[in-house]
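Commentary on secondary and tertiary structure
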Amino acid sequence: MAEKEEKSEEKKIEAFRSPRGVHDILPMDHEYHTFIKKVIRHRARQAGFRRISTPIFEATDVFKRSIGDTSDIVSKEMYTFEDRKGRSLTLKPEGTAGVVRAFIQHGMQELPQPVLLYYIEPHFRYDRPQKGRYRQFWQFGFEVIGESDPALDAQIIQLASKINEDLGISGILSLQLNTIGTPEARKEYMGILQDYYAGKERSLCDSCKVRLDKNPLRLLDCKEEDCVILAQLAPVMRDYLDKESVEYHEELVGYLDEIGIEYTENPKLIRGLDYYTKTVFEFWDKDNGSQNAIGGGGRYDGLLELMGGQPTPAVGYAAGIERIIANMKRERIRVPSKDTLHVFVAQLGNEAKKKCLGLIDRLRDSGLKTMGALGKGSINVQLRLADKFKVPYTVLIGITEVREGTAIIRDMEIGIQETLDMEDVPERLVELIGEENLDKYSPGELLYS
Ligand code: AMP
C-alpha cells in the first residue's frame, strides 16, 4: 500500500503557473475589458481619432532614445532580449514611442495635421509586482501629433475625463496638473536642483544617487520614502520656467476652467518619462495619490525630432485598464454581461440529437445565445445542467417529439412547458426573449460590395 502511494507521488507532476507578475484575464474580467474598450472606441471615433497598433516589440533604441536612459522604465523595467541575429529588441513598455516611430516611418507628416491616433495594447514592464502593478498590463492611449496649442492639451484632458466619467470613476479621481517648461528652461532648474541636493546624497536611494548627475529631475519622481521627503522640500520648478511656458500653461488652465474641468495644480508633478515638454498631467486615485495613478500624459514637442523626424509638436494621454477595472470594482460598478445564455437544448436519443444540431444552429442564427447538451445524460441530468447555467428557457426533444416533429419549450423559472412545431421554436423563443435582447450578428450584410 505504502509502496503504491509512493509510486503515485512520484508520478505527480507539478502543474504550471503563469509567470510572476502576469495574470490571465478570465471571462468575468473580460466583460470589463470589453466594456472599457467599447467606451474608448466610441469616444475616440466621436473625436476623430483612428486606431493604430504597433508591434509588441521594437528595436531597443526606440525606447531608450525616447523615454530616456535615466528613467525607471529604461534603467530597470524593460524586457530586452537579443534575436538570433544579435539585434537588441524590447517588449514595448509604453505606447507613445512606437506610435511616433510609426508616424515618422509612414510619412504621416504628409497627412492633414494634427494626426489623431489611439491604441489599446498590452505593454510590458519588469515592475515589482503588487496590487495595480503588473509585468504585462493593458494600456490605451491617444496621441495628437502635428500641432501645438493649449486648446489641444485641454481637449486631450477633456477626452480622458469624459472616459473616466463614462466608466463611473471620475468621482474618485483627481486631476493633477503641471507644466515642466521647455528643455532649455529646465536646464537652469536642473542646476538649481543639483545645488539643493549637494551634501544630501547620503539620504538618497542608490538610483537617485546615479540620477542626480545625469537627470536630477527624476529625483522629484522617486517613490522611495527618504527621496520623497527631500523632493517635497526641493525648489519648485515653476519659479524658474520661461515666460512662454508659463503663458502657455495659463492659457490651458483658462480653457479647463471654461469647460468646467477640476484640477489640482501640482508643481512637483514631472511624470516618469523624459520626453515631456510644458503640460504634464495625471489622474490620481484620491485615496492613494501618485502610487496608483490610473493614467497620465502631456505634451512632447521635441520627441519627433529626437526620433529622427521633422520637428513636430504633439500631446498625448495613456491609462491602464487593470487599474481602471480595480477602481470600477471598488466603486461596485457593474458592466453589462453579454455572456449569459438564453436557451439550453436538451435531448434524449440518437434521433433527437440529430434534430438538435440543426435547431441549435437556427436558434443561434436568430440571435439566441444557445447551448446544447449533447452528452449522454438523462433529461433530468440535462435539466439540472440547464439550471446551473441559469438559462431562462430549455428546449426539450425526446423520442415522441422527434416522431411528431415537435419540441417542448420549458420556462425554467416558473416550470411551465408548451409543445409546438419544431419549425416554430426559434420564432417563439425570439418572442419570449425579446428582440432587444438578441445577439444579432450577420457579417454578410455588413460587408460592402
Ligand atoms: P505611465 O505612462 O507610466 O504613467 O503609465 C500610464 C498608466 O499605465 C498608469 O497610470 C497605469 O494606469 C498604467 N500602468 C503603468 N505601469 C503599470 C503596471 N506595471 N501595471 C499596471 N498598470 C500600469
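Structural data are supplied above this passage.
Our subject in this report is the structure included herewith. (Residues numbered from 1 in each chain as written. Predicted model: local features only at pLDDT ≥ 70, side-chain atom pairs only at ≥ 80, totals over all residues. Heavy atoms only, no water.)

What follows deals with the pairing of strand β14 (residues 393-397). For β14, the tally of buried residues reaches 5 of 5 residues, placing the bulk of the element in the interior. Burial along β14 is two-sided: Tyr 393, Val 395 and Ile 397 and Thr 394 and Leu 396, pointing in opposite directions, are all buried. (Buried < 20%, exposed > 50% of the residue type's maximum accessible area, 1.4 Å probe, protein only. Helix = DSSP H or I, 4+ residues; strand = E, 2+ residues; numbered from the N terminus.)

Between its terminal C-alpha atoms helix α2 (residues 27-46) stretches 29 Å, which fits the 28 Å expected from 20 residues at 1.5 Å a residue. Among all positions of α2, only Glu 31, Tyr 32, His 33, Ile 36, Lys 37, Val 39, Ile 40, Arg 43 and Ala 44 are buried. Buried residues along α2 sit in contact with β5 (115-124), β6 (136-145), α6 (150-166) and α12 (321-330). Just beyond α2, the residue with positive phi is Gly 48, at close to 85 degrees. (Expected span 1.5 Å × (residues − 1). Contact = heavy atoms within 4.5 Å.)

Bringing the pairing of strand β9 (residues 277-285) into the picture now. Within a regular beta strand, the side chains point alternately toward one face of the sheet and then the other, so they alternate between its two faces. The buried fraction of β9 amounts to 9 of the 9 residues, a majority that puts the element mostly inside the structure. Here strand β7 (residues 173-179) runs beside β9; their pairing, made up of 7 bridges, is antiparallel. Bridged to Asn 178 within β9 is Val 280. Sheet analysis places β9 next to strand β10 (residues 295-299), joined by 5 bridges and oriented antiparallel. (Pairing = 2+ DSSP bridges.)

What follows deals with the packing of α6 against helix α10 (residues 243-258). Packing of α6 against α10 brings their axes to within 8 Å, and their N-to-C directions diverge by 45 degrees. It follows from the interaxial angle that α6 and α10 lie oblique. α10 is crossed by α6, and the crossing has right-handed handedness. Here Pro 150, Ala 151, Asp 153, Ala 154 and Ile 157 of α6 come into contact with α10, specifically with Tyr 248, Glu 251, Leu 252, Tyr 255 and Leu 256. Tallied by class, residues from the contact of α6 with α10 come to 8 nonpolar, no polar and 2 charged. (Axes fitted to C-alpha atoms, helices over the stretch in contact; angles between N-to-C directions. Parallel < 35°, antiparallel > 145°, perpendicular 65-115°, else oblique. Left-handed = near helix turned anticlockwise from the far one by under 90°. Nonpolar A, V, L, I, M, F, W, Y, C, P; charged D, E, K, R; others polar.)

A few words on the sheet that holds β14. Taken together, the 5 strands give an open sheet; going across it, the order is β13-β12-β14-β15-β16, and neighbouring strands pair in mixed fashion. Of all strands in the sheet, those with a lone pairing partner are β13 (370-372) and β16 (417-421), marking the two edges. In this sheet, neighbouring strand axes are inclined to one another by 25 degrees on average, regardless of whether the strands run parallel or antiparallel. Relative to β13, strand β12 (residues 343-347) is paired through 3 bridges, and the arrangement is parallel. Opposite Phe 344, over in β13, you have Met 371 as the bridge partner. Along the sheet, helix α13 (residues 350-365) contacts β12, β13 and β14; its crossing angle with β12, the most-contacted strand, is approximately 170 degrees. Contacting β12, β14 and β15 (406-411), helix α14 (residues 379-388) runs over the sheet at an angle of about 170 degrees to β12.

Any functional reading would require information beyond the geometric quantities listed.
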